[in-house]
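The residues making up each chain are set out below.
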Amino acid sequence: VESIFHEIKQRVQETDTAAPVRKGDWWYVSRTVEGEAYAIHCRGRSRETATEQVLLDENVEAEGHEYFSVHAFDVDNSQRLLAWSADTDGSEEYLLRIRDLDSGRDLDDRIEGTYYGTAWSADAEWLFYTVPDDQMRPYQLWRHRVGTTQADDALVIEEADERFFLDVDLSRSGEWIIITLGSKESSEVWLVPAASPTDAPRCVRRREDHHEYAVDHWGDRFVVLTNEGAEDFRVMTAPLDAPHDWSEFIAHEPGRRITGVEPFAGHLVVHAWSQAQPGLRIHFRDGSSRDIDL
């Protein structure tokens, strides 16, 4: 075991830095250091200075624990607060904390027993998170107000059907909280405006057997990836005031399996498999497109 471990270790570049990613006025990056077991998360005002400010050093947080794993690492839109969670016993239940990035200190908020998935409200006053049941199935979505105790949190959605797992995320635009309930072969999406986080969630379309779909926000409309009438999936759009009313934007192509859609300001990046090869195609609002040669 030791021999194999050291052989693997010799093939790994231990001191490394990921590609910086921009969010607003900051560039975020994670890096590793030889001899340290965990990542260090940083940010800076430029790509070149992205490692300047340390936000979370997992090596420091892991001290005193035989096991340590970070899952949530979610900076709010104002980039003042960081929601982060850690598991210290391998149970996959996480303690969720909120860190003030100006001072580098965690607030008093402690949210126990959380699972994967978080989403901030637009004003960073509210944080959404999921909770698992006894079988470690995420089945509840809760809303926490920063500065209060977990006992004050509000239950937003509870999924009773054991086939369905609950997940929450913020749209790429940061304007919508997207709640997805998914089983192996069907799904259901609910929406909450990030600017009105206490509003009741609104369902896009009720679940149907064998119907899978996913939703994201694209400026003046929603974009929907669906297998409705499309074995290999197609892409639809819908008005913001009627997310259930879909119009086709990218038609179904048998044999070209669309696996993901990412909305940007002026275009969509579509991930697809064709003839056993992955590919990217950029679709513009005027209907034109171009392929990226991988």
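Here is a short report on the structure shown in this document. (Residues numbered from 1 in each chain as written. Predicted model: local features only at pLDDT ≥ 70, side-chain atom pairs only at ≥ 80, totals over all residues. Heavy atoms only, no water.)

Right, let's get into the nonpolar core. One broad rule of soluble globular proteins: the nonpolar side chains tend to lie buried together. Membership of the largest hydrophobic core comes to 16 residues, with the highest contact counts inside it found for Phe128, Leu141, Ile157, Val168, Ile177 and Ile179. Among the elements of the structure, strand E13 (154-158), strand E14 (165-170), strand E15 (176-182) and strand E16 (187-193) are those that each provide at least two residues to this core. Every residue in contact with isoleucine 157, bar those within four places of it in the chain, is listed here: Tyr139, Gln140, Leu141, Leu166, Ile179, Trp190 and Pro201. (Core = buried A, V, L, I, M, F, W, Y, C linked by side-chain atoms within 4.5 Å. Buried < 20%, exposed > 50% of the residue type's maximum accessible area, 1.4 Å probe, protein only. Helix = DSSP H or I, 4+ residues; strand = E, 2+ residues; numbered from the N terminus. Contact = heavy atoms within 4.5 Å.)

As a further point, take the sheet that holds strand E10 (residues 118-120). Spatial ordering of the open sheet is given by E10-E11-E12-E13, a layout of four strands whose pairing is antiparallel. If you trace the sheet from one side to the other, it starts and ends with E10 and E13, each paired once. Each adjacent strand pair in this sheet contributes to an overall mean axis angle of 20°, direction not counted. Examined bridge by bridge, E10 and strand E11 (residues 126-132) share three bridges and lie antiparallel to one another. Looking across to E11, one finds that alanine 119 is bridged to phenylalanine 128. (Pairing = 2+ DSSP bridges. Axes fitted to C-alpha atoms, helices over the stretch in contact; angles between N-to-C directions.)

Right, let's get into the packing of aromatic side chains. For the structure shown, the criterion picks out six aromatic pairs. On the numbers, 5.6 Å between centres and 80° between planes, the contact of tyrosine 38 with phenylalanine 68 is edge-to-face. One end of the pair, tyrosine 38, is in the loop between strand E3 (26-32) and strand E4 (40-44); the other, phenylalanine 68, is in the loop between helix H2 (58-61) and strand E6 (69-75), and 30 residues separate them in sequence. The exposure class of phenylalanine 68 is buried, given its relative accessible area of 7%. With 5.5 Å between their ring centres and 75° between their planes, tryptophan 218 and phenylalanine 249 make a pair best called edge-to-face. One end of the pair, tryptophan 218, is in strand E18 (residues 213-218); the other, phenylalanine 249, is in strand E21 (residues 247-250), with 31 residues separating them in the sequence. Ring-pair connections join several aromatic residues into one group, and the members of that group are Tyr94, Tyr115 and Tyr116. Above the face of the phenylalanine 264 ring, arginine 172 is positioned so that its terminal group lies 4.4 Å from the ring centre. (Phe/Tyr/Trp six-rings, centres within 6.5 Å; stacked < 30°, edge-to-face > 60°. Lys NZ or Arg CZ within 6 Å of the ring centre and 35° of its normal.)

Strands belonging to one sheet form pairs held by backbone hydrogen bonds; the direction of such a pair is parallel or antiparallel. Across the sheet, four strands lie side by side as E22-E23-E24-E25; this open sheet has antiparallel pairing. The open sheet terminates on both sides in strands that have one partner only, identified here as strand E22 (256-263) and strand E25 (289-292). Neighbour to neighbour, the strand axes of the sheet diverge by 25° on average, direction disregarded. In this structure, E22 lies alongside strand E23 (residues 267-274), joined through seven bridges in antiparallel fashion.

The next subject is the layout of surface pockets. Quantified by volume, the largest pocket comes out at close to 990 Å³. Taken together, 34 residues line the largest pocket, and the ones lying closest to its centre are Lys23, Asp74, Asp169, Leu170 and Arg172. At the level of secondary structure, the elements contributing two or more residues to the lining of the largest pocket comprise strand E2 (21-23), E3, E4, E6, E10, E14, E18 and E22. Broken down by element, the residue count for the lining of the largest pocket peaks at five residues, all from E6. (1 Å grid on protein atoms, 1.4 Å probe; cavity = no way out; pocket = protein on both sides within 12 Å on 5 of 7 lines; lining within 4 Å. Points joined across faces, edges and corners; volume = space filled by probe spheres on them.)

These results come straight from atomic positions and should not be treated as a statement about function.
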